[in-house]
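Observations on the model geometry
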Amino acid sequence: MFSDFPAAFQDWANTNPSDLFQAPILKKESNPKAHICRHLSQEARGCSHLVLWLDCDREGENICFEVIECTGFHTNDGRRIYRARFSSVTEKDILKAMSSLVEPNRDEALAVDARQEIDLKVGVAFTRFQTSYFNGKYGNLDARVISYGPCQTPTLGFCVDRYLQIAMFKPEKFWMLHPYIMYKGYELKLEWERGRLFDADVAAMFRNRLMEDGTMRVVRVSEKLESKGRPSGLNTVNLLKVASSALGFGPQLTMQLAERLYTQGFVSYPRTESTAYPSSFDFKGTLVALVHNPAFGGYAQKLLTESYNKPRAGTDAGDHPPITPMRSASEDSLGNDAWKLYQYICQHFLGTLSPDCKYRRINVEFESGGEQFQCIGQLVTVKGFTSIMPWLAVSEKNLPDFAEGEKIEISKVDLDEGNTSPPDYLNESELISLMEKHGIGTDASISVHINNICERNYVQVQAGRRLVPTPLGISLIRGYQCIDSDLCLPDIRSFIEHQITLVAKGQADHSMVVQHVLDQFRRKFSYFVKQIENMDALFEAQFSPLSDSGRLLSKCGKCLRYMKYISTQPPRLYCGTCEEVYYVPQKGTVKLYKELTCPLDNFELLLCIMPGPEGKSFPLCPYCYNCPPFEGIDTFFGAPKTGDSSKLGKGVGMPCFLCPHPTCPHSVIAQGVCACPECSGTLVLDPVSAPKWRLYCNMCNCLVSLPEGAHRISTTQDKCPECDSTIIEVDFNKKTTPLKDGATLHKGCILCDELLHSLVEMKHGRSFSRHGRRGRGRGKGRGGYRGRGRGNNKQQDPKMSFRDF
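Quick caveat: nothing in here was measured; it's all calculated off a predicted structure. Chains are numbered independently. Their residues run from 1 in the order of the written sequence. Confidence filtering applies because this is a predicted model: local features only for residues at pLDDT of at least 70, side-chain atom pairs given and counted only at 80 or more, and all residues used for totals across whole chains, interfaces and linings. Based on all heavy atoms of the structure, the side-chain values leave hydrogens and waters out of the count.

1. Regarding the sheet that holds strand 8 (residues 215-228)
Pairing between strands requires that DSSP locate at least two bridges from one strand to the other. Strands are runs of DSSP state E lasting at least two residues, helices are runs of H or I lasting at least four, and both sets are numbered from the N terminus onward. The strand order across the open sheet formed by seven strands is 6-5-11-8-9-10-7, and the pairing between neighbours is antiparallel. The open sheet terminates on both sides in strands that have one partner only, identified here as strand 6 (186-189) and strand 7 (191-192). Bridge count for strand 5 (residues 173-183) against strand 6 is four bridges, and the pairing is antiparallel. When the sheet's bridge partners are listed, Y183 is paired in strand 6 with Y186.

Below, the structure written as structure tokens:
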């Protein structure tokens, strides 16, 4: 389930973003096609007890109450509701949880509701205002949505802060003194106690002192046995950091691979904050499962034979055990990327059961010319866990035996010159560490926030998985800093989380906390809107106005002047005379369509050609696409696949293949042929698909190939008496015509006409039967639509809901 606004607040044009702070919200199924709520309701029929086995965290507690709502269980109807609390799915933990059932915690569930409502209202209010304001002024922002989020924006802030440190950095020269000695066949470079100096004359003076002295005296020799501790259990955050820094996988890809490994049964649940194993964890059984693995089997067998070590104590967050392998796998069975991640998970698990790495550390201190120097050697005595995790091995350095008081001749003295350097751009591993430190996101959402700032063109991932802010990302953060720095600081998330924690502990009322936080943000939003010129000044210096962007393409139906096509995200048309912006589909190539005009508004039609060999080609009217003239259309082309895809937002609208206009030659009434066999849509003739003529569904990806090589295929006004489909007219090629006596012209229904039906081919879809098919789907019910001006059914893109920010 996810939180969203009712339909009345989905309209960008008619809803003031400031009104969203007081707007009601409702919960919707994340995937309505899965019918999970209906399934739970059916399963609960006739049951007297409900036992909830969800994640043992706040989000899991919130889902408990969603399940209670779906099943119709209520405490006052005599049926019992229980909550099972467990940290792993071992037999011991399951039996223990079943024997100590408790009641679900409503306070923790309300805390999650509070966070969702706050994030939704704050994020959408700022996002709608920013997107409408800046996309309507600048042509090269290259961003469809200019979003804001209490987690997303501080995440971007970390990247921009590092960029500003680099941009403002001024290098400084320094000098370092490095004397060399030759002793018992070793040439050793000694480290200066002072490190480096920023005065060349002073550094030269010290060098002269060493040259005058000419010898190094051994002051002290010390030896210490040290150890490098084996790792504790692997949690999600550490997995993301290692995958980015060592494997080169982004957080989003890492979680996709980890979830695939989990669903295939190769690793345990990959979303966990715990690094401590439960007392009931079956280490021996897991090792036995790896014994026959070609890569790790020998090491696993060695641990079983020599008795494995107890893992280090870690943090028990009470949710799930650390990430561990569950069964053996090979690279051939998993594929390259998944194998690399699985391999690391196995190595980390085996490392947690291995001995610590032990080594001798030898420190030799020298003196010459009144200055102190040292040389350090390391010798590994027990490799321990570094045998299976070699990248963590201690670097060995052998030293000869020195005697205190011994004097050694200096062979040379280098005075090395260098410059201080700025820090590098943040890499994903460093960013994840900062997010974890400041409480930005959770183990489940950190990868989403990082992926969002990349997808929205705020940062770009460069070599070494380093995150370099774009001009848009920099302008946004600098703009927030000019207006209200709280909006991009991690403190704002800490403030929200503190309030929410009070709700979870039952120390504060849910509704009062939500109201208090939203009041704070509403005032900040009001001030932000009044001061937006400060941010706009930064955008003016960085980006080009719409009037200077794009190329002339088609005529405006209002002023009959040419509009400019701006191809950067979001792609759109701009009429400089009317000062109006018209969005077009996000993907595909857009060009003028034969200089034809829409009969409703006189705008010149465009032809959109979607990418790929089987991409759709369809005409659209820019005005109809942005302001659909008919109510009752519940699916708009370009809507995201997540959530409720019937909502209209930026870049989502009504092409001609959805238009039910009765006389327009490009509408679904004129070009629709028959009902789609896959969904409730209509198969429409592709107007520019010759010579490989085809039909495509105006709602799904169903594709039907028509007779190839025909000179012309067109729809007629006649209907099939058997199935009510549109009769099409085919003008065959003279050389390949299937008609008798060389005839080329043929009319018929592709479902009922024997000849035509034998020549069509289903490319995507289950079947294409001639019998029992209904009429032309959406094109048949003309009476159900009302014209432009009789109400506005525009709705907002579901990606505007804050769950994606």
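2. Digging into the environment of E59
Checked against the element boundaries, E59 lands in helix 2 (residues 58-71). For E59, a relative accessible area of 34% corresponds to the partly exposed category. Between the C-alpha atom of E59 and that of V112, which follows or precedes it by 53 residues, the distance is 6.3 Å. Discounting chain neighbours no more than four positions away, the residues touching E59 are V112 and R115. Within the structure, the side chain of E59 is placed 3.2 Å from the side chain of R115, a separation counted as a polar contact. Throughout this description, buried means an accessible area under 20% of the type-specific maximum (1.4 Å probe, protein chains only), exposed means over 50%, and partly exposed covers the range between. Residues are treated as being in contact if the distance between any of their heavy atoms lies within 4.5 Å. Here a polar contact is recorded for every N or O atom pair within 3.5 Å, except that within protein the pair must consist of a potential hydrogen donor and a potential acceptor, and residues adjacent in sequence are included only if both atoms are side-chain atoms.

3. Concerning helix 9 (residues 283-290)
Along helix 9, the residues that are buried comprise F283, T286, L287 and L290. The arc that holds the buried residues of helix 9, viewed along the axis, is 100 degrees, so those residues lie on one side. Buried positions along helix 9 lie against helix 10 (297-306) and helix 12 (336-352). Two to three positions downstream of the cap, the backbone nitrogen of G285 sits 2.9 Å from a side-chain oxygen, assigning the N-cap of helix 9 to D282. Comment: arc refers to directions from the helix axis out to C-beta atoms.

4. Points about empty space enclosed by the protein
Put simply, the grid is 1 Å and covers the protein atoms alone, a cavity is a trapped set of points that fit a 1.4 Å probe, a pocket is an open set with protein on both sides within 12 Å along at least five of seven lines, and lining residues have an atom within 4 Å of a point. Grid points are joined across faces, edges and corners, and a volume is the space filled by probe spheres set on the points. This structure, assessed with the given rule, holds one cavity of 30 Å³ or more. Lining the largest cavity we find C598, P599, L600, L605, C621, C624, M654, P655, C656, C659, H661 and C664.

5. Examining the side chain of T744
Note on placement: T744 falls in the loop between strand 26 (726-731) and strand 27 (745-748). Polar side-chain contacts of T744 include one of 3.3 Å to the side chain of D731. T744 has contacts with V730, D731, F732, N733, K734, T737 and L739, leaving out every residue within four places of it along the chain.

6. A closer look at the nonpolar core
In this structure, Y480, F528, M535 and F539 are the most contacted members of the largest nonpolar core, which totals 62 residues. At 10 residues, the largest contribution of residues to this core is made by helix 4 (residues 106-135). Each residue touching Y480, except ones within four places of it in the same chain, is listed here: Q130, S147, Y148, T153, S485, L487, C488, F528 and M535. One finds L261, F283, I323 and C346 within the second-largest nonpolar core, a separate group that totals 37 residues. Put simply, a nonpolar core is a bunch of buried Ala, Val, Leu, Ile, Met, Phe, Trp, Tyr and Cys residues held in one set by side-chain atoms that sit within 4.5 Å of each other.

7. Considerations on the pairing of strand 3 (residues 49-52)
Here strand 3 shows a buried face lined by L50 and L52 and an unburied face lined by H49 and V51. Pairing geometry for strand 3 and strand 4 (residues 80-83), over four bridges, is parallel. Within strand 4, the position partnered with H49 by the bridge is R80.

8. Focus on the sheet that holds strand 19 (residues 604-609)
The strand order 18-19-20 describes an open sheet built from three strands, whose pairing is antiparallel. On the outer flanks of this sheet lie strand 18 (589-597) and strand 20 (617-620), each paired with one strand and no other. Going across the sheet, the axis of each strand differs from the next one's by a mean of 30 degrees, ignoring polarity. For strand 19 and strand 20, the ladder comprises four bridges, and the chain directions are antiparallel. Bridged to I609 within strand 20 is S617. Lines fitted to the C-alpha atoms define the axes, with helices restricted to the stretch that makes contact. Angles between their N-to-C directions range from 0 to 180 degrees.

9. With respect to the packing of aromatic side chains
Put simply, two rings from Phe, Tyr or Trp (the six-membered ring, in Trp's case) pair if the centres are within 6.5 Å, and we call them stacked under 30 degrees between planes, edge-to-face over 60, tilted for the rest. One pass over the structure, following the stated rule, counts 34 aromatic pairs. Between Y138 and F539, the aromatic rings sit 6.1 Å apart at their centres with planes inclined by 35 degrees, giving tilted as the arrangement. Taken together, the residues span a long stretch of sequence, with Y138 in the loop between helix 4 and helix 5 (152-167) and F539 in helix 18 (residues 532-542) at a distance of 401 residues. Owing to a relative accessible area of 3%, Y138 belongs among the buried residues under this scheme. Seen in terms of ring centroids, F281 and F349 are 6.4 Å apart; in terms of plane orientation they differ by 55 degrees. Their pairing is tilted. Taken together, the residues span a long stretch of sequence, with F281 in the loop between helix 8 (251-263) and helix 9 and F349 in helix 12 at a distance of 68 residues.

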